[in-house]
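# Results of the structural survey
Chain by chain, the residues:
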Amino acid sequence: MAFSAVDLVVHGRQATRWREYSFILLAGAVGAIFGVLNDLITSSLSEGYFVIGKGLSQGAGFVGQVVSLGARAGFFAGVISSMVLLYANNPKKGAPCLRQVRLWAFAGRPAACAAGTGILFGLLFRFCMPAPVLQGWASFFNPKDSLDFTTVWGIHWGLYLGLVAGLIWAVVGIKKARRRMLAS
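Remember, predicted model here, so these are calculated numbers, not experimental data.

How each quantity is defined
Residues numbered from 1 in each chain as written. Predicted model: local features only at pLDDT ≥ 70, side-chain atom pairs only at ≥ 80, totals over all residues. Heavy atoms only, no water. Helix = DSSP H or I, 4+ residues; strand = E, 2+ residues; numbered from the N terminus. Polar contact = N/O pair within 3.5 Å; in protein donor to acceptor, adjacent residues only side chain to side chain. Salt bridge = Lys/Arg side-chain N within 4 Å of Asp/Glu carboxyl O. Buried < 20%, exposed > 50% of the residue type's maximum accessible area, 1.4 Å probe, protein only. Patch = residues over 30% accessible without salt bridge, like charges linked within 9 Å, V, L, I, M, F, W, Y side chains within 5 Å. Areas by Shrake-Rupley, 256 points an atom, 1.4 Å probe, with all protein chains shown as cover. Expected span 1.5 Å × (residues − 1). 1 Å grid on protein atoms, 1.4 Å probe; cavity = no way out; pocket = protein on both sides within 12 Å on 5 of 7 lines; lining within 4 Å. Points joined across faces, edges and corners; volume = space filled by probe spheres on them.

## Details of the side chain of Ser43
- Secondary-structure assignment places Ser43 in helix H2 (residues 17-45).
- One polar contact links the side chain of Ser43 to the main-chain carbonyl oxygen of Leu40, over a distance of 3.2 Å.

## Observations concerning the pattern of salt bridges
- Inspection of the entire model under this criterion finds 1 salt bridge.
- The salt bridge partner of Arg126 is Asp148, with a shortest N-O separation of 3.0 Å. Of this pair, Arg126 sits in helix H5 (residues 100-128) while Asp148 sits in helix H7 (residues 143-183); the two residues are 22 residues apart in sequence, bridging distant segments of the chain.
- Judged by relative accessible area, which is 25%, Arg126 ranks as partly exposed.

## Description of a nonpolar patch on the surface
- Where nonpolar side chains cluster on the molecular surface, the patch consists of Val6, Val9 and Val10 and spans about 310 Å² of accessible area.
- Looking at the secondary structure, you find Val9 in helix H1 (residues 2-11).
- Take Val9: its relative accessible area is 72%, and that puts it in the exposed class.

## Some thoughts on H5
- In this model, H5 (29 residues) spans 42 Å end to end at C-alpha, consistent with the 42 Å of a helix rising 1.5 Å per residue.
- Taken as a whole, H5 has its buried residues at Leu103, Phe106, Pro110, Cys113, Ala114, Gly118, Gly122 and Phe125.

## Looking at the layout of surface pockets
- Its volume calculated, the largest pocket comes out at about 530 Å³.
- Lining of the largest pocket is provided by 26 residues; of these, Gly31, Phe34, Gly74, Ala77 and Leu163 occupy positions nearest its centre.
- If you list the elements that add at least two residues to the lining of the largest pocket, you get H2, helix H4 (62-88), H5 and H7.
- When residues in the lining of the largest pocket are grouped by element, the largest group, 8 residues, is from H4.

See the structure below:
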């Protein structure tokens, strides 16, 4: 925020950094909300995933830990994603930049891919996981809890992979949109 203020004071109406920093901060906030909602849902499916896989403690305060973890992870993902999009839109000689409003449209791609692949991988891990993997969890869980753990594990893998795929899709889209602007 301090850098934004300095940019505004030094460059006045030509200042752009405050818009970029606002984009990053808002994307982080949206990511934090996404992360909290995802972790609240998935922790209700498998508390064990968060206890064993994420190191949270059971009992009093578990939900608060889940909210904190989801907010931090989601904020980080949102910030990094927004920085990738801003870099893809970075000013270059002869290549016009997209306006912030257009960037927000591209920012939806990583979120949509993450959500979609999270659901897909959750289903795949639940219904297509080889029996030896499920039996490996048997020392920690009963069969139903083992299946729930595996489902949540799949959801989280899908989120991570979908975020990367969505970022690639968004960056390619930004590059194409900038080329179209240049051609017209």
